[in-house]
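Observations on the model geometry
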Amino acid sequence: MNRRRRIYEGKAKILYEGPEPGTLIQHFKDDATAFNAKKHEIIDGKGVLNNRISEYVFTHLNNMGIPTHFIKRLNMREQLIREVEIIPLEVVVRNVAAGSLSSRLGIEEGTQLPRSIIEFYFKNDALNDPMVSEEHVTAFGWATPQEIDDIMALAIRVNDFLAGLFLGVGIKLVDFKMECGRLWEGDMMRIVVADEISPDNCRLWDIATNDRLDKDRFRKDMGGLLESYQEVARRLGILNEPE
Ligand code: C5P
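This one's a predicted model, so the numbers in the text were calculated from it and none came from an experiment.

This brings us to the environment of Val 193. Along the chain, Val 193 turns up in strand E13 (residues 188-194). Remark: the alpha-carbon pair of Val 193 and Arg 182, spanning 11 residues in sequence, is separated by 9.0 Å. Residues in contact with Val 193, not counting those within four places in the same chain, are Phe 58, Ile 66, Pro 67, Thr 68, His 69, Leu 154, Val 158, Met 178 and Glu 179.

Turning to the environment of Arg 219, a few remarks are in order. Looking at where Arg 219 falls in the secondary structure, it is placed in helix H5 (residues 216-219). For Arg 219, a relative accessible area of 25% translates into the label partly exposed. Ignoring sequence-local partners within four residues, the contact set of Arg 219 consists of Ala 34, Phe 35, Lys 39, Asp 200 and Arg 203. Polar contacts involving the side chain of Arg 219 include one to the side chain of Asp 216, which spans 2.7 Å.

Membership of the largest hydrophobic core comes to 49 residues, with the highest contact counts inside it found for Val 158, Leu 162, Phe 166, Met 178 and Ile 197. Beyond its immediate sequence surroundings of up to four residues, Phe 166 is in contact with Ile 171, Leu 173, Leu 204, Val 232 and Leu 236.

On to the environment of Ile 151. With respect to the element layout, Ile 151 can be found in helix H4 (residues 145-167). If near-sequence neighbours (up to four positions away) are discounted, Ile 151 is found in contact with Ile 87, Val 91, Phe 120, Met 178, Cys 180 and Ile 191.

Burial within strand E12 (residues 171-185) is extensive, with 12 of its 15 residues counted as buried. Relative to E12, strand E8 (residues 85-86) is paired through 2 bridges, and the arrangement is antiparallel. Within E12, the position partnered with Ile 86 by the bridge is Gly 181. Relative to E12, strand E9 (residues 89-96) is paired through 4 bridges, and the arrangement is antiparallel. Across the sheet, the residue bridging to Val 93 is Phe 176, located in E12. Judged from the 7 bridges that link them, E12 and E13 form a sheet pairing that is antiparallel. In the sheet register, Gly 181 faces E13, and the bridge partner there is Val 192. Where E12 folds back on E13, the antiparallel hairpin that results is connected by 2 residues, among which Gly 186 adopts a positive phi of roughly 65°.

Turning next to H4. Given 3.6 residues to a turn, an α-helix orients residues that are three or four positions apart in the same direction. If you check H4, its first and last C-alpha atoms are 33 Å apart, about what 23 residues at 1.5 Å a residue would give, namely 33 Å. Buried within H4 we find Glu 147, Ile 148, Ile 151, Leu 154, Ala 155, Val 158, Asn 159, Phe 161, Leu 162, Leu 165 and Phe 166.

The local shell around the ligand holds 16 residues, among which Arg 94, Ser 100, Asp 175, Arg 203 and Arg 219 are the closest. The separation between a nitrogen atom of the ligand and a polar side-chain atom of Glu 90 is 3.0 Å. Asn 201 is positioned with one of its backbone polar atoms (N or O) 3.5 Å from an oxygen atom of the ligand. When the ligand sits alone it has 460 Å² of accessible area, and the protein chains cover 79% of it. In a pocket analysis with a 2 Å cut-off to the grid points, the ligand is assigned to the largest pocket. Contributions of two or more residues to the shell around the ligand are made by E9, helix H2 (99-105), E12 and strand E14 (202-206).

Rules used in this analysis
Residues numbered from 1 in each chain as written. Predicted model: local features only at pLDDT ≥ 70, side-chain atom pairs only at ≥ 80, totals over all residues. Heavy atoms only, no water. Helix = DSSP H or I, 4+ residues; strand = E, 2+ residues; numbered from the N terminus. Contact = heavy atoms within 4.5 Å. Buried < 20%, exposed > 50% of the residue type's maximum accessible area, 1.4 Å probe, protein only. Polar contact = N/O pair within 3.5 Å; in protein donor to acceptor, adjacent residues only side chain to side chain. Core = buried A, V, L, I, M, F, W, Y, C linked by side-chain atoms within 4.5 Å. Pairing = 2+ DSSP bridges. Expected span 1.5 Å × (residues − 1). Near = heavy atom within 4 Å. Areas by Shrake-Rupley, 256 points an atom, 1.4 Å probe, with all protein chains shown as cover. 1 Å grid on protein atoms, 1.4 Å probe; cavity = no way out; pocket = protein on both sides within 12 Å on 5 of 7 lines; lining within 4 Å. Sits in = over half its atoms within 2 Å of the grid points.

Below, the structure is given as structure tokens:
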């Protein structure tokens, strides 16, 4: 492999400079982290699965006219993406109570929410990604009111697509996290979905058994993380395709 300039290394991914200006290569590592990396393990093959699952999701989003940073998968662990200006927010969409919503508000895990709820968290490891309101987002200039509207519209469309996709293969989409970026084309800018969408950042429960098919297996020491990610890929029909 050619030597490439590393632009950024995160907990589960590395970004390298891409072949053309305005592109990057997103490399999926096998690192599993939780609780802001206080818990860390290498799970052989996780990066390969997340690359494939995220490719599948982003390809469908692009085809549906939901703009994303994704261009194409390059190999087992890497995809070509457009360079965007990442908005420093984690956008969480919830359909069913779980995780921090259940602990914060005392709502039993598994309770269907009256409607989908969108939350914003400030991306800042040193502060443990605190939850913030739209007031914080606009006051501190992380995004404009128009951008917040665009982000929420994207989040709702992504949620509708993902919920239907997973329902079709017997999986309940409990919640997920997405990130957005500003994509500049000349002096035109639009907000696009960035980062990845995989069982690392979704809660996916088997509809029949409520089995966890996501990173909660790692967070809660349940074991079987790789097998559950494989199961998600298998149900989506993306395992065992030729490279
Ligand atoms: O922990 P919490 O309940 O707030 O997580 C909500 C959703 O966001 C879960 O699907 C979780 O996997 C995802 N998430 C994430 N990265 C974080 C925090 C949460 O992908 N840093």
